[in-house]
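A structural walkthrough
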Amino acid sequence: MKTSTVKSIFFVALIAKDNAAGQAIVPADCFIGLQKLAFDIFDFDSYPDFFRANSFITLAQAGTYTGPESMKEYIRFASSSSPYFAEFERGPSDGALKGIEENVCIFNHIELNTHTFDELVSKKSLSVDVVASGKIYYNAVENYIEKIYVYYEVGWLDFFFSKQLDTPQVHDFICETMSNECDFDVDISGACQKKLRELPTFTNGSYFDGDSQGCRALHGAFASVNPEGHCPHISFTPNQDPNGKIKCSESAGVKPTDLFDDDDIGMFQTFCEVNGIDPTKGYAEKGRKKKGKAFKRRIF
């Protein structure tokens, strides 16, 4: 694991002894523990080692996903496993230890990834550089990740759902999933697609956890491989899933600023600027001229 923190702190972390029970957690414990855990959010096979049943990931506009399997589904949506992307490539990143709260180390992590849209479903076959930020809560005593908050700029969410996925192909994909995987009584010759098009892309501005196209684009991808868990979410009428939850009905309305403070967002904006991306958009179509080569080190 490489970090962007100052070398003196990093070397202290390398030579420090493991924290004994009952002693206060110090930065060295955070770095040593996370290094031993070898955390990588795209290492899906290791999720049982990284997370517990009550671990969760939250994107304000999309909701909360609890447990390793649900978290894995959500992260796969942002990778080449998604039906909407043909390719996915990780790029430069940076991170830092933000603070310590009792036994929990809080890390900021930001990275730039390149998503190439699948030309069969999206409006344009193109590659896009996207900046994603995560706030990672690592329990240094019990050695697992308690929770992760994710931040995307609204500009990227709008481009993704409104500009790229509002297509007949995506509407067909969702409706066919409803019919074939979920066994819903829907007319996929046009009526289902029409009903889907009549829904807003987002609710309350930029949220896709409510009764919207965006929510069904997200959970339609999940339902195509996990019908039992996600078919209730893409129904046009609210249905409980096996866990008793109802999704794609009413937005929870979580504010990004409830999860990320000014310093976190400032770090995101600086990372964007250094990498030649408009911080008010959080993404750039490929072919732009890069402004710098900083932040080349990966913390996870």
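Residues numbered from 1 in each chain as written. Predicted model: local features only at pLDDT ≥ 70, side-chain atom pairs only at ≥ 80, totals over all residues. Heavy atoms only, no water.

For the rest of this paragraph, the subject is empty space enclosed by the protein. If you walk through the whole model with that rule in mind, you get three cavities of 30 Å³ or more. Roughly 440 Å³ of internal volume is contained in the largest cavity. Secondary structure elements with two or more residues in the lining of the largest cavity: strand E1 (51-59), helix H4 (68-77), strand E3 (85-101), strand E4 (104-117), strand E5 (127-139), strand E6 (144-151) and helix H5 (154-164). As a volume, the second largest cavity reaches approximately 60 Å³. Along the walls of the second largest cavity sit Phe161, Leu165, Asp166, Val170, His171, Ile174, Thr201, Gln213, Gly214 and Ala217, which together make up its complete lining. Among the residues making up the lining of the second largest cavity, the classes are represented as five nonpolar, four polar and one charged. (1 Å grid on protein atoms, 1.4 Å probe; cavity = no way out; pocket = protein on both sides within 12 Å on 5 of 7 lines; lining within 4 Å. Points joined across faces, edges and corners; volume = space filled by probe spheres on them. Helix = DSSP H or I, 4+ residues; strand = E, 2+ residues; numbered from the N terminus. Nonpolar A, V, L, I, M, F, W, Y, C, P; charged D, E, K, R; others polar.)

In this section: the layout of surface pockets. Counted as a void, the largest pocket has a volume near 480 Å³. Looking at the largest pocket, it is lined by 27 residues, and the ones nearest its centre are Thr64, Tyr65, Asp241, Lys245 and Lys247. Counting only elements with at least two residues in the lining of the largest pocket, the list comes to strand E2 (63-66), H4, helix H8 (213-223) and helix H9 (227-234). Along the lines of polarity and charge, the residues of the lining of the largest pocket split into nine nonpolar, 10 polar and eight charged.

Let us look at the nonpolar core. Counting residues in hydrophobic clusters, the biggest one holds 63 residues, and the most contacted among them are Phe39, Tyr152 and Trp156. Counting 17 residues, the second largest nonpolar core, distinct from the first, contains Val104, Tyr137, Phe260 and Ile265. (Core = buried A, V, L, I, M, F, W, Y, C linked by side-chain atoms within 4.5 Å. Buried < 20%, exposed > 50% of the residue type's maximum accessible area, 1.4 Å probe, protein only.)

Functional significance is not addressed by these values, which are geometric in nature.
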